[in-house]
Amino acid sequence: MSAAHPSIVVLTGAGISKESGLDTFRCAGGIWDRVNLEDVATPEGFARDPALVQRFYDDRRRQLVESDVQPNAAHVALARLEREWPGEVLIVTQNIDDLHERAGSTNLIHMHGELLKVRCDACGTIQAWRTDLHVETPCPACAHVGAMRPHVVWFGEMPLQMERIHEALSGCGLFLSVGTSGNVYPAAGFVHVVLDLGDAHTAELNLEPSLGASLFEEQVYGPATEVVPAYVERLLTKGIP
């Protein structure tokens, strides 16, 4: 990293994938309007009815694998930023889809896990998974039955790689928040980390103001497929504001 090209941290949320056809959670008509999150996105819900939870994630995994969902222009623009920016670009995503990877991003943290991976609670093995997962599915690594679960972070569980995320936030020169609601912690608090620990420029790129919009020095509103490519183009031609 150089002073002229400091590192960039990009936080992405469901808003960036919505234009690819994936449901968001919190908007009107979103997933949490149709399903009780306590039933399908908590350890307690999984303990009560693991079959219900597995079916919920099977449906979402099937949508990602079998539909024509593709990365959109916003995903592609962020992959371009990673390739062409002379400093480091780290994408921290709250999304559990694989659209960033499909667009070409490689320096990526899925802080809430990944829909196309599963984990065995008996042996801890994490592995790629693209088909349905059932309560009776044995772990391919240890053969334990009843311990397989989606590799996603549920409410009440600790997001992944938080130490690495905080290190990146504390040293970055630009923090971008893209397509996030600003009401899910700890991600909603990342802008506070940046403001408290560094002097990075902060920008929110969103369809509409988030709950924390006033904390950002710069706000750009509109569809992700429009505002993200334009912002990346500006960064690559003019640098960080």
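In this text, all values refer to a predicted model and were calculated from it rather than measured experimentally. (Residues numbered from 1 in each chain as written. Predicted model: local features only at pLDDT ≥ 70, side-chain atom pairs only at ≥ 80, totals over all residues. Heavy atoms only, no water.)

J.: Give a description of the UniProt feature "binding site: substrate" (unreviewed entry) in the protein chain that names residues and reports values.
T.: Mapped onto this structure's residue numbering, the UniProt feature "binding site: substrate" (unreviewed entry) falls at Tyr57 and Arg60. Note on placement: Tyr57 falls in helix H5 (residues 50–66). By relative accessible area, which is 4% here, Tyr57 ends up buried. Apart from residues no more than four positions distant in its own chain, Tyr57 is found in contact with Val40, Ala41, Ile96, Leu115, Pro150, Val152 and Trp154. Within the secondary structure layout, Arg60 lies in helix H5. (UniProt positions renumbered as here; feature names shortened; annotations may be inferred. Helix = DSSP H or I, 4+ residues; strand = E, 2+ residues; numbered from the N terminus. Buried < 20%, exposed > 50% of the residue type's maximum accessible area, 1.4 Å probe, protein only. Contact = heavy atoms within 4.5 Å.)

J.: For the layout of surface pockets, give the residues involved together with the corresponding values.
T.: Summary: where empty space remains is shown by rolling a probe the size of a single water molecule over the atoms. Estimates place the volume of the second largest pocket at around 180 Å³. The wall of the second largest pocket is formed by 20 residues, among which Thr180, Gly182, Ala187, Ala188 and Ser210 lie closest to the centre. Of all the elements in the fold, those that place two or more residues in the lining of the second largest pocket are strand S7 (174–178) and helix H9 (190–197). Of the residues belonging to the lining of the second largest pocket, the class tally is ten nonpolar, nine polar and one charged. (1 Å grid on protein atoms, 1.4 Å probe; cavity = no way out; pocket = protein on both sides within 12 Å on 5 of 7 lines; lining within 4 Å. Points joined across faces, edges and corners; volume = space filled by probe spheres on them. Nonpolar A, V, L, I, M, F, W, Y, C, P; charged D, E, K, R; others polar.)

J.: Outline the side chain of Asn72, listing residues and values.
T.: With respect to the element layout, Asn72 can be found in the loop between H5 and helix H6 (73–84). In terms of polar contacts, Asn72 uses its side chain to reach the side chain of Ser20, at 3.0 Å. (Polar contact = N/O pair within 3.5 Å; in protein donor to acceptor, adjacent residues only side chain to side chain.)

J.: Let's hear about the sheet that holds strand S5 (residues 126–128): which residues, and what values?
T.: Here we have three strands laid out as an open sheet, ordered S5-S4-S6, and antiparallel in their pairing. Every other strand in the sheet has two partners, leaving S5 and strand S6 (148–152) as the edge strands with one partner each. Each strand axis lies, on average, 45° off the axis of its neighbour in the sheet, ignoring direction. Here strand S4 (residues 113–120) pairs with S6 via four bridges, running antiparallel. Across the sheet, residue Gly113 finds its bridge partner in S6, namely Val152. Its contacts with the sheet put H5 on S4 and S6, and the angle it makes with S4 is roughly 135°. (Pairing = 2+ DSSP bridges. Axes fitted to C-alpha atoms, helices over the stretch in contact; angles between N-to-C directions.)

J.: A description of the packing of helix H8 (residues 162–171) against H9 should follow, citing residues and the corresponding values.
T.: Contact geometry for H8 and H9: axes closest at 8 Å, N-to-C directions at 50°. Between H8 and H9, the angle falls in the class oblique. Between H8 and H9 lies a crossing whose hand is right-handed. Contacts between H8 and H9 involve Met162, Ile165, His166, Leu169 and Ser170 on the former and, on the latter, Phe190, Val193, Val194 and Leu197. In the contact of H8 with H9, the residues fall into seven nonpolar, two polar and no charged. (Parallel < 35°, antiparallel > 145°, perpendicular 65-115°, else oblique. Left-handed = near helix turned anticlockwise from the far one by under 90°.)

J.: Residue-level account of the pattern of salt bridges, with values.
T.: Inspection of every chain in the model, using the stated rule, returns eleven salt bridges. One salt bridge in this structure joins Glu233 and Arg80, with 2.7 Å as the shortest N-O distance. Residue Glu233 is located in helix H10 (residues 224–238), and its partner Arg80 is located in helix H6; the two are separated by 153 residues in the primary sequence. Measuring nitrogen to oxygen at the nearest pair gives 3.1 Å for the salt bridge that ties Asp98 to Arg102. Note on Asp98: relative accessible area 16%, which makes it buried. When its relative accessible area of 33% is taken as the criterion, Arg102 is described as partly exposed. Taken together, the shared-partner salt bridges in this structure form one network comprising Asp59, Arg62 and Asp132. (Salt bridge = Lys/Arg side-chain N within 4 Å of Asp/Glu carboxyl O.)

J.: Can you explain the packing of H6 against H10? Please cite residues and give values.
T.: With their axes 7 Å apart at the nearest point, H6 and H10 run at an angle of 15° to one another. The angle between H6 and H10 falls in the class roughly parallel. Note that H6 runs across H10; the crossing there is left-handed. Taking contact as the criterion, the partners of Ala73, Ala74, Ala77, Leu78, Arg80, Leu81 and Glu84 in H6 are, on H10, Ala224, Thr225, Val228, Pro229, Val232, Glu233, Leu235 and Leu236. A class-by-class count of the residues in the contact of H6 with H10 yields eleven nonpolar, one polar and three charged.

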